[in-house]
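Observations on chain architecture
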Amino acid sequence: MYHNNIEVQHKSLFQLRKDLIHFREYRDPKNKHVLFIHGLGASSLAWRDIPDALSKYFHTITVDLIGFGLSNKPETADYTIKGFRKFIVDFLRERIGLEEGEHKKISIVGHSLGGYIAAEVAIGNKEMIEKLVLIDSSGILEGPTPLLQQYLNAAMESDPILRYKKVQRVLEELYADRSRLLPVAVDIFIGTLGQQGAKHAFELAFNNSTTTQIEPEGFKQIEDIPCLIIWGEKDNLIPIKYYDMFRQKLPKAKYEMIADAGHAPFVEKTALLHEKLRTFLMQEDQP
């Protein structure tokens, strides 16, 4: 879709405490920061070239959560929302230096599990957050949805042939049109799950994020942060009823329903999502 020839991409591993964390920066130090947090079982690759395209206007950063992607997957890590929140805050302070003068604020874009984490980071560190974007976010689930349960079952399947079939079937259901699933996406997912500690991290993150919710007081804490909530109209993993629930809990936020898109609209409608993010993040007239 886009390629930015001016900004320089920096891809690296950063040591956070004892763990190596994979991240990418598309850097212009003069611009405002935007962090992208991926969903369960995904990695920074999920965002396609949106962070690169937005680096024309912002200093964009993607990170693989601990336990996912190319980041370390220690058995002893805290794979709860609370643990991920601390991980993100520590990453922002130690790698991005948010507490240093003009670099003290950031906008966060979070998808699914990443949306839940982004919201909790904002709740606990409101002074750090400039804007918030939640895309098909968890955080108010009443328990695992049927497709979420199938997602876990596919990830935990031990038989390699059956696992491939189950993963493929579930990933197809994440799209509005299942023909849009590229076979390489299945291969990447299964390859990552094969890494030591990956299944353990997936299962613990799943169990915690599907059985806990953002507290009512938490929503009150962030109600005045400029927020955009985006949802795929045909999301089968976290259905649109949760979009409506967010509307009740964050009535001051802006809302965008994406037609002909499933759980990850930035994958199926990349150019459209880029433009919606660019417009929202660049607006200066937010309350």
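Small disclaimer: the values here were computed from a predicted structure and weren't measured. Position numbers for residues count from 1 along each chain, tracking the sequence in the order it is written. Thresholds applied to this predicted model are a pLDDT of at least 70 for local features of residues and 80 or more for the giving and counting of side-chain atom pairs; totals over whole chains, interfaces and linings are not thresholded and use all residues. In computing side-chain properties, one takes all heavy atoms of the structure into account and sets aside hydrogens as well as water.

1. A look at the overall build of the protein
Across its full length, the protein carries 11 helices and 8 strands. Against the 2.2 N^0.38 benchmark of 19 Å for 287 residues, the protein shows a C-alpha radius of gyration of 18 Å, consistent with a compact globule. Projecting the C-alpha coordinates of the protein onto the three principal axes gives extents of approximately 50 × 40 × 40 Å. Out of the 287 residues in the protein, the part that is buried amounts to 57%. Reported accessibility uses the Shrake-Rupley method at a 1.4 Å probe radius. Residues are deemed covered only where the shown protein chains occlude them. Just so you have it, the protein exposes about 12700 Å², and 51% of that area is on carbon and sulfur atoms. Within the protein, one finds 36 positive and 39 negative side-chain charges whose respective centroids are separated by 0 Å. By definition, any uninterrupted DSSP run of H or I lasting at least four residues is a helix, any uninterrupted run of E lasting at least two residues is a strand, and each is numbered from the N terminus. The globule rule used here is 2.2 Å times the number of residues to the 0.38 power, and the radius of gyration it is set against is calculated over C-alpha atoms. The buried label applies to any residue whose accessible area, calculated with a 1.4 Å probe on protein chains only, is under 20% of its type's maximum; exposed applies above 50%, and partly exposed to all values in between. Charge convention: Lys and Arg are scored as positive, Asp and Glu as negative, and His as well as the terminal groups of each chain are ignored. Each charge is placed at NZ for Lys, CZ for Arg, CG for Asp and CD for Glu.

2. Section: the pattern of salt bridges
Note on definitions: salt bridges are taken to be side-chain nitrogens of Lys or Arg within 4 Å of carboxyl oxygens of Asp or Glu. Across all of its chains, the model carries 15 salt bridges by this definition. Taking the shortest distance from any N to any O, the salt bridge between Glu172 and Arg178 comes out at 3.5 Å. On the accessibility criterion, Glu172 (19% relative accessible area) is buried. For Arg178, a relative accessible area of 46% gives the class partly exposed.

3. Notes on the environment of Asn207
By the secondary structure assignment, Asn207 is in helix H7 (residues 198-209). Classification of Asn207 as partly exposed rests on a relative accessible area of 34%. A C-alpha to C-alpha distance of 10 Å links Asn207 and Ile81, two positions 126 residues apart in sequence.

4. Focus: the packing of helix H2 (residues 81-96) against helix H3 (residues 113-124)
Every axis corresponds to a line fitted to the C-alpha atoms, with the helix fit spanning only the stretch in contact, and the corresponding angles, defined between N-to-C directions, vary from 0 to 180 degrees. As a packed pair, H2 and H3 sit with axes 9 Å apart at the nearest point and diverge in direction by 70 degrees. Classed by the angle they form, the pair H2 and H3 counts as roughly perpendicular. Where H2 crosses over H3, the handedness of that crossing is right-handed. Along the contact surface, H2 presents Ile81, Phe84, Arg85, Ile88 and Val89, while H3 presents Leu113, Tyr116, Ile117, Glu120 and Val121. Looking at the contact of H2 with H3 residue by residue, the class counts come to 8 nonpolar, no polar and 2 charged. Our angle categories are set so that under 35 degrees counts as roughly parallel, over 145 as roughly antiparallel, 65 to 115 as roughly perpendicular, and the remainder as oblique. Helix crossings get a hand from a simple test, with the near helix turned counterclockwise from the far one by less than a right angle marking a left-handed crossing and a clockwise turn marking a right-handed one. We call two residues in contact whenever any of their non-hydrogen atoms come within 4.5 Å of each other. Gly falls in the polar group here, along with every residue not listed as nonpolar (Ala, Val, Leu, Ile, Met, Phe, Trp, Tyr, Cys, Pro) or charged (Asp, Glu, Lys, Arg).

5. Overview of helix H9 (residues 240-249)
Taken as a whole, H9 has its buried residues at Tyr242, Tyr243, Met245 and Phe246. Here the buried residues of H9 occupy an arc of 160 degrees about the axis, which is enough to place them on one side. Buried residues belonging to H9 abut strand S6 (129-135), helix H8 (216-222), strand S7 (227-232) and strand S8 (254-258). Here the arc refers to the set of directions running from the helix axis out to each C-beta atom.

6. Focus on the pairing of S8
Any two strands with at least two DSSP-identified bridges between them are counted as paired. Across 5 bridges, the pairing between S7 and S8 is parallel. Bridge pairing links Gly232 to Ile258 in S8. By the criterion used throughout, a crossover qualifies as right-handed when its path from the first strand across the helix to the second strand runs clockwise, the strands pointing away from the viewer. The β-α-β motif built from S7, the intervening H9 and the parallel element S8 has right-handed crossover chirality.

7. A short note on the packing of helix H5 (residues 160-173) against helix H6 (residues 183-193)
At a closest axis distance of 10 Å, the pairing of H5 and H6 adopts a crossing angle of 125 degrees. Classified by the angle between their axes, H5 and H6 sit oblique to one another. You can see that H5 and H6 cross each other, and the crossing is right-handed. Across from Arg163, Tyr164, Val167, Gln168 and Leu171 in H5, the residues of H6 making contact are Pro183, Ala185, Val186, Asp187, Phe189 and Ile190.

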